[in-house]
Structures are given as structure tokens and as C-alpha cells.
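Spelled out, the chains give:
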Amino acid sequence: MSRPPRPGAIVAALLWALLLTACASLTRDWLPPEVQVTSITPERIALDQQTLRVGLSLRNPNDRMLPIKAMTYKLSLEGTQIAEGGGALDEQIPAFGEAPVEVTVVADAAKALGLLPTLALRREPIGYRIAGTVTVAGVVPIPYRYSGEIAPVELLRSATRGLR
């Protein structure tokens, strides 16, 4: 006749199973988030560099929550890299969900100040590319690259908000 398992053994087995599940979710392949630029707002303008606040929409294409702890980014407009940055981020994006995020990037003042006014006067959409890495759960770097378009009127509206 066998003895029933002790309560401590059951708890230990459950904790072990949870730990294995957590580790497995980190080692499964992650799809990179889709990153869309929603706004570009000047924050600080100096002679040598300009600080921009960039609004992003992050969409999680994974079937589980995407816990982003850090992010790097390089932003190009019409093929010209104008800004880059990176830092800590604490975003929990639900499975198949999305979240708005604002990040600060440092722009090359000459490129940004020379390019933004010209692009703001255009009628056709402005092509952008944003690329970098997101760090999931503080340990798994996932590269991403996303291209899209932003309407010149949106670029102008967000830029003038920062100058008020």
C-alpha cells in the first residue's frame, strides 16, 4: 500500500512545474513587435543636437504577453538617419495587443533641422524606418525593423506641439 504524498512535496512539485513553464516561455522564439511611429515632437533644441520625443505604437504579434524591459532605436526619415536612442522601458504588452510608448531620441541637429521643415511642407506621406532591439524579460534581445509612412500634417502638428 502506498502512502499519500506529503503536502510539502505537492507544493514543491507545483513550484517546479511553474518554474519550468516560465523558463520555457523565455526560450520559445519571440516574434519582434511591430513598431509604428505616431508622432515626433522636439523637446530640446541646441546647436549641436536636438532631443526629440517620439511616440510609438508597439503591437505584440505573439500569443503571450511581451514584457519589454529595454529598447534601442534608430529613426530614419526618407532614408536619412536622423536620430537614435535607447534605455529602460517597462511595458507589458498583452498577447496580440498593442500599447502606446513615448521614447526620447537624440537627433543630429543639422540633419533633423534641415530635414524636418522640408518634409513638413510635403503633400505626400513621409517614409520612415525604425530599427533596434527590444529586451524581453530583461534577458532576451529581439531585433526589430519596421517601415511605414507618416502624414506630413501629423508630423507638423506633433512638431509644433513641442514648440509651444
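Our subject is the structure that appears above.
Residues numbered from 1 in each chain as written. Predicted model: local features only at pLDDT ≥ 70, side-chain atom pairs only at ≥ 80, totals over all residues. Heavy atoms only, no water.

Novice: Please clarify how the sheet that holds strand E1 (residues 34-45) should be interpreted in this entry.
Specialist: Sheet strands associate in pairs through backbone hydrogen bonding, adopting either a parallel or an antiparallel arrangement. Across the sheet, which stays open at both edges, the seven strands sit in the order E1-E2-E5-E4-E3-E6-E7 with antiparallel pairing between neighbours. Of all the strands in the sheet, just E1 and strand E7 (140-150) have a single pairing partner and so form its edges. Taken over all neighbouring pairs, the strand axes of this sheet differ in orientation by 25° on average, direction set aside. Where strand E6 (residues 126-136) lies against E7, 11 bridges are found, and the strand directions are antiparallel. For valine 134, the partnering residue across the bridge sits in E7 and is isoleucine 142. (Pairing = 2+ DSSP bridges. Helix = DSSP H or I, 4+ residues; strand = E, 2+ residues; numbered from the N terminus. Axes fitted to C-alpha atoms, helices over the stretch in contact; angles between N-to-C directions.)

Novice: Can you walk me through the packing of aromatic side chains in this structure?
Specialist: The geometry of two aromatic rings is summed up by the distance between their centres and the angle between their planes. Per the stated rule, a full pass over the model turns up zero aromatic pairs. Over the ring of tryptophan 30 we find arginine 64; its NZ or CZ atom is 3.9 Å from the centre of that ring. (Phe/Tyr/Trp six-rings, centres within 6.5 Å; stacked < 30°, edge-to-face > 60°. Lys NZ or Arg CZ within 6 Å of the ring centre and 35° of its normal.)

Novice: I tried to follow the environment of alanine 83 on my own but got confused; where do I start?
Specialist: One can find alanine 83 in strand E4 (residues 80-93). Owing to a relative accessible area of 2%, alanine 83 belongs among the buried residues under this scheme. A C-alpha to C-alpha distance of 8.3 Å links alanine 83 and tyrosine 73, two positions 10 residues apart in sequence. Residue contacts for alanine 83: discarding those within four places in its chain leaves Leu52, Tyr73, Lys74, Leu75, Val105, Val106 and Ala107. (Buried < 20%, exposed > 50% of the residue type's maximum accessible area, 1.4 Å probe, protein only. Contact = heavy atoms within 4.5 Å.)

Novice: How should I be thinking about the nonpolar core in this particular structure?
Specialist: A general trend in soluble globular proteins is that nonpolar side chains are found buried together. Core analysis: the biggest nonpolar cluster contains 33 residues, and Leu56, Met71 and Leu75 have the highest contact counts within it. Per element, the largest residue contribution to this core is six residues, and it comes from strand E3 (residues 66-77). (Core = buried A, V, L, I, M, F, W, Y, C linked by side-chain atoms within 4.5 Å.)

Novice: Help me understand the side chain of threonine 135 in this model?
Specialist: Within the secondary structure layout, threonine 135 lies in strand E6. Exposure remark for threonine 135: the relative accessible area of 18% places this residue in the buried category. In this structure threonine 135 touches Pro67, Ile68, Lys69, Ala70, Val140 and Pro141, once residues within four positions along its chain are discounted.

Novice: Is there a simple way to think about the pattern of salt bridges in this case?
Specialist: Oppositely charged side chains can form a pair if their charged atoms are brought close together. All told, the structure shown has seven salt bridges when counted by the stated rule. The closest approach of N and O atoms between glutamate 34 and arginine 59, which form a salt bridge, is 3.0 Å. Remark: arginine 59 occurs in strand E2 (residues 49-59) and glutamate 34 occurs in strand E1; sequence separation between them is 25 residues. Judged by relative accessible area, which is 27%, arginine 59 ranks as partly exposed. Note that glutamate 78 is salt-bridged to arginine 122, the shortest N-O span being 3.6 Å. Placement of glutamate 78 in the loop between E3 and E4 and of arginine 122 in the loop between helix H2 (109-120) and E6 is noted, with a sequence separation of 44 residues between them. Linked through salt bridges whose partners overlap, the residues forming this network are Glu43, Arg53 and Glu102. (Salt bridge = Lys/Arg side-chain N within 4 Å of Asp/Glu carboxyl O.)

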